[in-house]
Amino acid sequence: MIRKILLLSTFFCLPAMAQEVVIEASSAVGIDKTEQKITSQYLSLKKDIDLLPGLNLTSLSSSVSPRDKIFLRSFSPERVYIYLDEFPLNGSGIRGNFYIDLSTLDPEKIKKLEVIYGPSVIYGSNPGGNIIIKTKGFPTKNTLEINSLTGSFGTIKGSVNYRGSWETDGIELSFRGMKSDGYLRNDFMDSKNGKLTFYHLIGDSTVIKVFAGRYRIKDGIPVLNDPNNAKTNYDSDYPVVKETYFSLACAPYCKLKLIEKEGENYIERTTDRFGVSLSKDTGIGLLNLAIYTNKSYKKERYYGFFKTPAGIKLTYLRFNGQDDRTYGFRTTYENLSILNGEGIGGIEFQNSGYGQIDKNGKPFVAKNHNALRRFALFGEFKKELPLLTIKTGLRVENWKGNSITDAPNVKGTQILPSLTLSKKLGSVELFAGTGKVYRPPRAEEILWYSKEYSDIKSKGYDYDLKAEKGWDYEVGIRKKFPNLKLTARIYRYEIRDFIVSNFEAAKDVLNKSFPDRIIENLDYYRLNGLEISSNWKLLENLSVYTAYSYQDSKTSKSKFTPDKTPDPSVLIPKHKLTTAITKKNLLKRDALKLTGTFYSKRNGYTEKLPGFGVIDVSYSISPVKNITFNFQINNLFDKKYYYVENYEMPGRNYSLSIKALF
C-alpha cells in the first residue's frame, strides 16, 4: 500500500508548473488542521510564510536572504519548536537567540509546511507553537533537478538535487549554495549545504531512511558607513548604518558601532545533522521512529566601539566554540482507531547542551553536554459525538537541568492537558479550547544562569530560575461558503515566571558588559490576540487569500531593573494585514502572484518604528514541460521600511531563476 502511495505522490510532485509547497496553519486546540491553506512556490516560501496571521518574520539583515527569526503570536523563537518530519531542529541552526536559516531546510525537498499555534500535546507545550516541515518520501523515479537564480545585490544561488531508486532502495543527494553582497555595507552572505539520504523499502509497509548533512553559513554584519564615525558617508552606494545589534535577543543592550575591517564583523556557523527513521504501516496505524543528533559550531568576529562599564572602547571581540549539541529519539503511532474515534500516541527523549566557548582566545563558558534533558509521553484522542466533536490530549513531561545549581526549579514531572470542543451548525463550526503551557529554561539560558549565579547571590538577591507555566484559552468560528472559507480566532495567554534575558541588569547589578546577561523571571506575561483569515476562489484560476492579526501584551516589571524591563513583544505590530492574489493560466502553464504585507506602528528598541506596506509580484511560466522560469520583483513600489531601527530593508529588487527537471 505504501509503495502505491509513494508512486502517486511522486507523480503529483512532477507538475509542469514550478514545484509548489502547501502551507497549512491551525491552532493546537482547534479541530481542523487546515484552517488556513496557502500554496507556495519554494522560491517565495519565506515571504509566503509571513502571510499567515499571528506569524512575524523579523530580520536584522537586509540581504536578499537575511537572517530571519520566526515569531508565533509574538513569542520569540526559543518558544517555537521546529521539526523536519519527525526530527526536531531546535538547537541545531534553528534555536533561541539564533537566526533561522531557511537555506538549511532544502526547500526543494519540502512537500508541506504545517504551522500549529499554541501548546501542542503532540509536538510540545511551548507557548508560541510548532512548525512541522514535511519532506518528499521514497524516490520512485530517477530525477535530476537543477535550480539557478540571479538577482539584485550580486545574489547568486544554485542547487543540484538527485533522487534515484532501484528495486527496494533509494538515494537522494543534494548540494546548495548562495552568495550575496547584501543591501547594506558588509551585509554579505555565503552559504554551502550538502545532504545525503538513503532509503530502504521492506515489503509494502516499511520504509527506513538514513541521512547526514552539513550546513555552513557565513553572514556579514552591517557596519558604519564612516570608519571615523563622522557625519559624512564615505560611500553613498549603501544606506546609512548608524549602529549594529548583535541579535534580536539582546538589543538594544548590545548596541554596537562596528567599523569595517577586513576579516572582521561576521558570524559563521556550521551545523552537522544525522538521523535514522523508520515508518511502518502496521495495519492498525502508522508507526514512526526517529533517532537523531545535531551539532553546531560558531565563529564570531567583531571590531568596533563597544560600551563597557569602563566606557566606550574600540576593540576586538571574538567567540569560538560548540554552541549546540543535541541528540534524542521520537516515536509516534498515528491513525489509531480507538472507541470509534481517532487517536495518536508517542514517546520522545531529547538531550541538549553545548561545548566550551572561548572569548578572545580564552575560555569563556565551560562545556555542559547535558544542560537540559526531556522525556515525554503523549497522546491525543478525537471523537465525533451526536451533538459535538471532542478532542482531548495529555502530555507528561519529565525535565532535568544540569547547571552549577542543578537548576532545582527546572526538574520534575509536568502534567500538560488540553481540551477542545467543536460544534457544527450547518456550514458554521464553533470551537473552544484550552491547553497548558510549560517552558523550562533552554540550554543557553541555563548557561548564563550558571555563569552569573554566584555573583548575583553575592549581591544579596534571591535568584532561582523557574520554568514558565500558564494556559492558552481560545474560541473561534469557521464558516464555509461555496467559494469562500473564513476562520476567526480569539485567544488569551496567562503565563507566570516568564523568562527574559536582561543585559541592562548585568551592567547595573554586576558591572559587566555584553555579552554577559542575567536570565530572570518576570512574574507574569499576558497576551490577547485576534486572528482572521479567508481563502476566496473567485474564478476557476483566480484565488485571493487575506489574513489579519491583532496582538497586545502586558508584563510585570523586572526585579533587577524595573525601569528597564525587557519587552518580550518588541518589534511585533499590534495590527498586521496580508493578502495574496494568484492567477493561473494567463497563457498556459503559468502563474502570476501579487502579495502585500502591511504592518502598523511598533515599539522599537530605542524608538518608534513607522508602519509600512510592501507589495511583491512574481511570475512563473513553463514553456516546455519540466522547465520553469520565475521572475520576482520585491518591494514593487520601492518603499522605505524597517523591521528593526537602523536596518533599512532593500528597495525595489529583482531575481530571475530557472528550474530544470530531468
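Calculation rules
- Residues numbered from 1 in each chain as written.
- Predicted model: local features only at pLDDT ≥ 70, side-chain atom pairs only at ≥ 80, totals over all residues.
- Heavy atoms only, no water.
- Helix = DSSP H or I, 4+ residues; strand = E, 2+ residues; numbered from the N terminus.
- Buried < 20%, exposed > 50% of the residue type's maximum accessible area, 1.4 Å probe, protein only.
- Contact = heavy atoms within 4.5 Å.
- Areas by Shrake-Rupley, 256 points an atom, 1.4 Å probe, with all protein chains shown as cover.
- Core = buried A, V, L, I, M, F, W, Y, C linked by side-chain atoms within 4.5 Å.
- Polar contact = N/O pair within 3.5 Å; in protein donor to acceptor, adjacent residues only side chain to side chain.
- Phe/Tyr/Trp six-rings, centres within 6.5 Å; stacked < 30°, edge-to-face > 60°.
- Lys NZ or Arg CZ within 6 Å of the ring centre and 35° of its normal.
- pLDDT = per-residue confidence, 0-100.
- Salt bridge = Lys/Arg side-chain N within 4 Å of Asp/Glu carboxyl O.
- Patch = residues over 30% accessible without salt bridge, like charges linked within 9 Å, V, L, I, M, F, W, Y side chains within 5 Å.
- Pairing = 2+ DSSP bridges.

A. Quick peek at the overall build of the protein. Within the protein one finds four helices and 36 strands. Every one of the 662 residues in the protein was classed for burial, and the buried ones make up 57%. Here the contacts in the protein between residues at least 6 apart in sequence split such that 65% fall between residues at least 24 apart. Entry remark: accessible area of the protein is about 26,900 Å², with carbon and sulfur atoms responsible for 58%.

B. Here's a closer look at the nonpolar core. Counting residues in each nonpolar core, the largest one holds 30 residues, and the members touching the most others are Leu 258, Tyr 302, Tyr 463, Ile 518 and Phe 560. The set of elements that each furnish at least two residues to this core consists of strand 15 (255-258), strand 17 (286-308), strand 18 (311-338), strand 21 (362-365), helix 3 (443-458), helix 4 (503-510) and strand 28 (518-539). Looking at this core, the element that brings in the most residues is helix 3, giving five residues. Apart from the residues lying within four places of it in its own chain, the contact partners of Ile 518 are Ile 456, Tyr 463, Val 500, Ser 501, Asn 502, Ala 505, Ala 506, Val 509, Leu 510 and Phe 560. Counting 23 residues, the second-largest nonpolar core is a separate cluster that includes Ala 25, Leu 84, Ile 110 and Ala 547.

C. Seen up close, helix 4. Summarising burial for helix 4: six of the eight residues are buried, a large majority. At the N-terminal boundary of helix 4, the capping side chain belongs to Asn 502, with an oxygen 3.2 Å from the backbone nitrogen of Glu 504. Where helix 4 ends, the next residue or the one after it, Asn 511, has phi of about 60 degrees, a positive value.

D. Summary view of the packing of aromatic side chains. A full pass over the atoms with the stated rule returns 26 aromatic pairs. Seen in terms of ring centroids, Tyr 327 and Phe 349 are 6.4 Å apart; in terms of plane orientation they differ by 50 degrees. Their pairing is tilted. You can see Tyr 327 sitting in strand 18 and its partner Phe 349 sitting in strand 19 (residues 341-354), a full 22 residues away along the chain. Tyr 327 sits in the partly exposed class, given a relative accessible area of 36%. Its relative accessible area of 24% is what places Phe 349 among the partly exposed residues. By the ring-pair criterion, three or more aromatic residues cluster together here, those being Phe 75, Tyr 491, Tyr 493, Phe 498 and Tyr 525. Across from the ring centre of Phe 498, 3.9 Å away, lies the NZ or CZ of Arg 79, which sits over that ring. Taking NZ or CZ as reference, Lys 261 lies 5.4 Å from the ring centre of Tyr 303, over its face.

E. Region of interest: the confidence of the model for the protein. Within the protein, residue pLDDT values average 83, and 85% of them lie at 70 or more. Across residues 1-18, confidence stays below pLDDT 50; counting only partners more than four residues off in sequence or on other chains, it has 38 contacts. Segment residues 92-100 is flagged for pLDDT under 50; beyond a separation of four residues in sequence, or across chains, it makes 45 contacts in the model.

F. A look at the pattern of salt bridges. Inspection of every chain in the model, using the stated rule, returns 31 salt bridges. Across the salt bridge formed by Glu 86 and Arg 330, the nearest N and O atoms sit 2.7 Å from each other. Here Arg 330 lies in strand 18 and Glu 86 lies in the loop between strand 5 (80-84) and strand 6 (87-88), a separation of 244 residues in the sequence. Overall, Arg 330 belongs to the buried group, its relative accessible area being 0%. Taken together, the salt bridges that share partners define one network made up of Glu 86, Arg 330, Glu 348, Arg 374, Arg 395 and Glu 397.

G. Looking closely at the environment of Val 475. Here Val 475 lies in strand 26 (residues 468-480). For the pair Val 475 and Tyr 491, spaced 16 residues apart in sequence, the C-alpha to C-alpha distance is 6.6 Å. Filtering out sequence-adjacent residues up to four positions away, Val 475 remains in contact with Phe 431, Ala 432, Ala 488, Arg 489 and Ile 490.

H. Representation of unusual backbone geometry within the structure. Positive phi values are uncommon outside glycine, yet Asn 186 reaches one of about 70 degrees. The topology assignment puts Asn 186 in the loop between strand 11 (169-180) and strand 12 (189-202). Judged by relative accessible area, Asn 186 falls into the buried class, the value being 17%. Non-glycine residue Leu 339 carries a positive phi angle of around 50 degrees. With respect to the helices and strands, Leu 339 occurs in the loop between strand 18 and strand 19.

I. Summary view of a nonpolar patch on the surface. A cluster of nonpolar residues, Tyr 162, Leu 173, Phe 175, Leu 196 and Phe 198, forms a patch on the protein surface that exposes about 430 Å² of accessible area. Listing elements by their share of the nonpolar patch, those giving two or more residues are strand 11 and strand 12. Here Phe 175 lies in strand 11.

J. Expanded view of the side chain of Ser 277. Of note, Ser 277 is situated in strand 16 (residues 266-281). Classification of Ser 277 by relative accessible area gives buried; the value is 14%. Setting aside anything within four residues of it in sequence, one finds Ser 277 in contact with Phe 87, Val 207, Ile 208, Lys 209, Leu 289 and Ala 290.

K. Fine view of the pairing of strand 18. Here strand 18 pairs with strand 20 (residues 357-359) via three bridges, running antiparallel. Across the sheet, residue Gly 321 finds its bridge partner in strand 20, namely Ile 357. The pairing of strand 18 with strand 19 spans 12 bridges and is classified as antiparallel. Counted as the bridge partner of Arg 325 is Gly 353 from strand 19. Hairpin connection of strand 18 to strand 19: two residues between the antiparallel strands, including Leu 339 at a positive phi of 50 degrees.

L. Representation of the pairing of strand 25 (residues 428-439) in the model. Of all 12 residues in strand 25, nine are buried, a share of seventy percent or more. Across eight bridges, the pairing between strand 24 (residues 412-425) and strand 25 is antiparallel. Counted as the bridge partner of Lys 424 is Glu 429 from strand 25. With 12 bridges connecting them, strand 25 and strand 26 associate as antiparallel partners. Across the sheet, residue Tyr 438 finds its bridge partner in strand 26, namely Lys 469.

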